[in-house]
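Commentary on secondary and tertiary structure
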Amino acid sequence: MKFVLFSSLLLFGYSLSYAELEFGKSFSNGNLYTGLPEINVLGNGISIIDGDITPDVTDLTDFGNQSICAGVTTVTFTIENPGSGNLNLGSLNISGVDATEFSVVSFPSALVSGGGFTTFQVAFNPSSIGLKNAVITVNNDDSDEAVYDFAIQGMGTDPEINVQGNGNTINDGSSTPS
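Residues numbered from 1 in each chain as written. Predicted model: local features only at pLDDT ≥ 70, side-chain atom pairs only at ≥ 80, totals over all residues. Heavy atoms only, no water.

**Some words on the overall build of the protein chain**
Along its length, the protein chain carries zero helices and 16 strands. Counted over contacts in the protein chain with a minimum sequence separation of 6, partners at least 24 positions apart contribute 61%. As displayed, the protein chain has an accessible area near 10,800 Å², and 54% of this comes from carbon and sulfur atoms. (Helix = DSSP H or I, 4+ residues; strand = E, 2+ residues; numbered from the N terminus. Contact = heavy atoms within 4.5 Å. Areas by Shrake-Rupley, 256 points an atom, 1.4 Å probe, with all protein chains shown as cover.)

**Digging into the side chain of T73**
On the secondary structure map, T73 appears in strand β8 (residues 73-80). With relative accessibility at 19%, the residue T73 sits in the buried group. A distance of 2.6 Å separates polar atoms of two side chains, one belonging to T73 and the other to Q66. Apart from the residues lying within four places of it in its own chain, the contact partners of T73 are F63, N65, Q66, V122, A123 and F124. (Buried < 20%, exposed > 50% of the residue type's maximum accessible area, 1.4 Å probe, protein only. Polar contact = N/O pair within 3.5 Å; in protein donor to acceptor, adjacent residues only side chain to side chain.)

**Looking at the pairing of strand β12 (residues 117-124)**
Looking at chain direction, β8 and β12 are connected through eight bridges and run antiparallel. Within the sheet, the bridge partner assigned to F77 lies in β12 and is F120. Inspection of the sheet shows strand β10 (residues 102-106) paired to β12 by four bridges, in the antiparallel sense. In the strand pairing of β12, V104 is matched with V122. (Pairing = 2+ DSSP bridges.)

**As for the side chain of D62**
Among the structural elements, D62 can be located in strand β7 (residues 62-67). Although buried, D62 forms no salt bridge, and the nearest oppositely charged side chain, K132, lies 13 Å from it. A polar atom in the side chain of D62 sits 2.8 Å from the backbone nitrogen of G64. In contact with D62, not counting residues within four places along its chain, are P55, D56, V57, Q153 and G154. (Lys, Arg positive; Asp, Glu negative; His and termini not counted. Salt bridge = Lys/Arg side-chain N within 4 Å of Asp/Glu carboxyl O.)

**A look at the packing of aromatic side chains**
One pass over the full model with this rule turns up six aromatic pairs. Three or more aromatic residues joined by ring pairs form one cluster here, namely F63, F77, F102, F120, F124 and F150. (Phe/Tyr/Trp six-rings, centres within 6.5 Å; stacked < 30°, edge-to-face > 60°.)

**Quick word on the nonpolar core**
Grouped together as the largest cluster of nonpolar side chains are 24 residues, with contacts concentrated most on F77, I136 and F150. Where this core is concerned, the elements lending two or more residues are β8, β9 (87-95), β10, β12, β13 (130-140) and β14 (147-157). Ranked by residue count, the leading element in this core is β9, at four residues. Setting aside anything within four residues of it in sequence, one finds F150 in contact with V41, I48, I49, D52, T61, F77, F120, A134, V135 and I136. (Core = buried A, V, L, I, M, F, W, Y, C linked by side-chain atoms within 4.5 Å.)

**Observations concerning the sheet that holds β9**
Strand order in the open sheet formed by five strands is β7-β14-β13-β9-β11, and the pairing between neighbours is mixed. The open sheet is flanked by β7 and β11 (111-112), the only strands paired with a single partner.

**Some details on the confidence of the model for the protein chain**
With 79% of its residues at a pLDDT of 70 or more, the protein chain shows a mean pLDDT of 85. Taken together, the stretch residues 1-11 has pLDDT below 50 and engages in 22 contacts with residues farther than four places along the chain or on a different chain. Ignoring residues within four places in sequence, the model shows residues 15-29, a span with pLDDT below 50, making 34 contacts including any to other chains. (pLDDT = per-residue confidence, 0-100.)

Structure below.
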């Protein structure tokens, strides 16, 4: 692996800079870009680190609470390619013990041009109460993150109902109203 070195020195009012770059790479605005594709997945505009095992509400990898009786929580994730080469996406999978509680409802484009992005949506529709965990895997041709995966979770909830008659609560299973 080759090191990329960039340093700057201010000496007597003159700026001296030195950069050593590998072939096919460029340096702009403090960022290193390659002629190769690069994958970055975001939720809520926040980068989700490849291999992240800690779902979080801020990057939408924690889908929050969802009733098992009604509704679905759908989250949009963004795949960006900050590299300059085309990024080819392969399969997008959801796996893990609770994978069936999540589904891909909108798939990303198969090709993301350099500097471009695409989106995909995942729905959480729990069938039982409790914490549900799964892993999203995005297969692609990034040279160092060809299998980009991260954990997701959501909580299946069962809302309580309070049935009343004449202002009194009627207990579940009661055969005599109060």
